[in-house]
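Overview (structure and organization)
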Amino acid sequence: MPAESKISRREIDRLLVENETHDCSEGGKNVCVRIVAIADLPTRFGDFQVVAFHSPSDQKEHAALVRGNPIGQEHVPVRLHSECLTGDTLGSLRCDCRDQLEQALTEIGKRDLGIVLYLRQEGRGIGFQNKIRAYQLQEAGLDTIEANEALGFRPDERDYAVAAHMLASLDVRSILLMSNNPAKIADLRFHGVRVEGRIPIVIPPNPHNRRYLETKRAKAGHLLEPASTGLPEQLDNATSPETPTSSRTT
Ligand SMILES: [Zn+2]
Ligand SMILES: [Zn+2]
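Residues numbered from 1 in each chain as written. Chains lettered and ligands numbered in written order. Predicted model: local features only at pLDDT ≥ 70, side-chain atom pairs only at ≥ 80, totals over all residues.

Some points on the pairing of strand 5 (residues 114-119)
Inclusion rule: Partly exposed residues are those falling between the two cut-offs: more than 12 but fewer than 20 other C-beta atoms within 10 Å of their own, whereas 20 or more means buried and 12 or fewer means exposed, with C-beta atoms placed from the backbone. Each helix corresponds to a stretch of at least 4 residues labelled H or I by DSSP, and each strand to a stretch of at least 2 residues labelled E; elements are numbered beginning at the N terminus. Any two strands between which DSSP finds at least two bridges are classified as paired.
The buried fraction of strand 5 is high, at 6 of 6 residues. Going residue by residue along strand 5, you find Gly114, Val116 and Tyr118 tucked away on one face and Ile115, Leu117 and Leu119 tucked away on the opposite face as well. Here strand 3 (residues 61-67) pairs with strand 5 via 5 bridges, running antiparallel. Paired with Arg67 across the strands is Gly114, a residue of strand 5. Two elements, strand 4 (residues 76-82) and strand 5, share 5 bridges in a ladder whose sense is parallel. Across the sheet, residue Leu80 finds its bridge partner in strand 5, namely Leu117.

So, in structure tokens, the structure goes:
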């Protein structure tokens, strides 16, 4: 990656000053994040810059892995990834989160421009404990979605609000979404992101996650060819608590 094709020192300084006092949480918006630091991050997938975001409202820390300089750019390839401790870090085969993350980083690492948003919302708010509870229920015979429903969870759009804000913070003008899930495009658009297109990605299943992938295909409307055994999205994370207070708007 040529030296000029990354976020410059001057741009970093400007972003940090802007973000220091940034607060858009008034007016009913409950999702606001600030850029607090940007540094080089050489990885096994290529040279990136990593952007540290902090959410003043819930103290979550999110990350953007940035390839090239996306500031003010159109058609920036973007992948959303929700944190999955069991998959990303521990190498679980019950889901394919790690494969998805590695594939996204590999794909974007080959390009001059792209962003992986790493959303630190294990299970989109249901958290690690509840995810393992859902696994326990699946071992009793429920499928992924039934298990989450049995625990009272429902799909949530909060991640998209956070992702949209992160892209806006980086002055990204429009994106190409790396996803097989049309709902993600609609949700991002709802939150004001200009999605100009989609980049599909395909990952073969393994014997442990085949049922999970088939459930996603059958129940969640994912765009998988019948003959393809390809990539789903992170459905095990696409849930949040169904409580009287969970109908929050983002
Ligand atoms: Zn904000
Ligand atoms: Zn996972």
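Notes on the nonpolar core
Threshold: We call a set of buried Ala, Val, Leu, Ile, Met, Phe, Trp, Tyr and Cys residues a nonpolar core when their C-beta atoms link them within 7 Å. A residue pair is marked as a contact if its C-beta atoms, positioned from the backbone, fall within 7 Å.
If you look at the biggest cluster of nonpolar residues, it comprises 42 residues, and the most contacted ones within it are Ala64, Leu117, Ala163, Met166 and Leu167. Sorting elements by how many residues they give to this core places helix 6 (residues 158-169) first, with 7 residues. With residues near it in sequence (within four places) discarded, Ala64 still touches Val51, Phe53, Ile115, Leu117, Met166 and Leu170.

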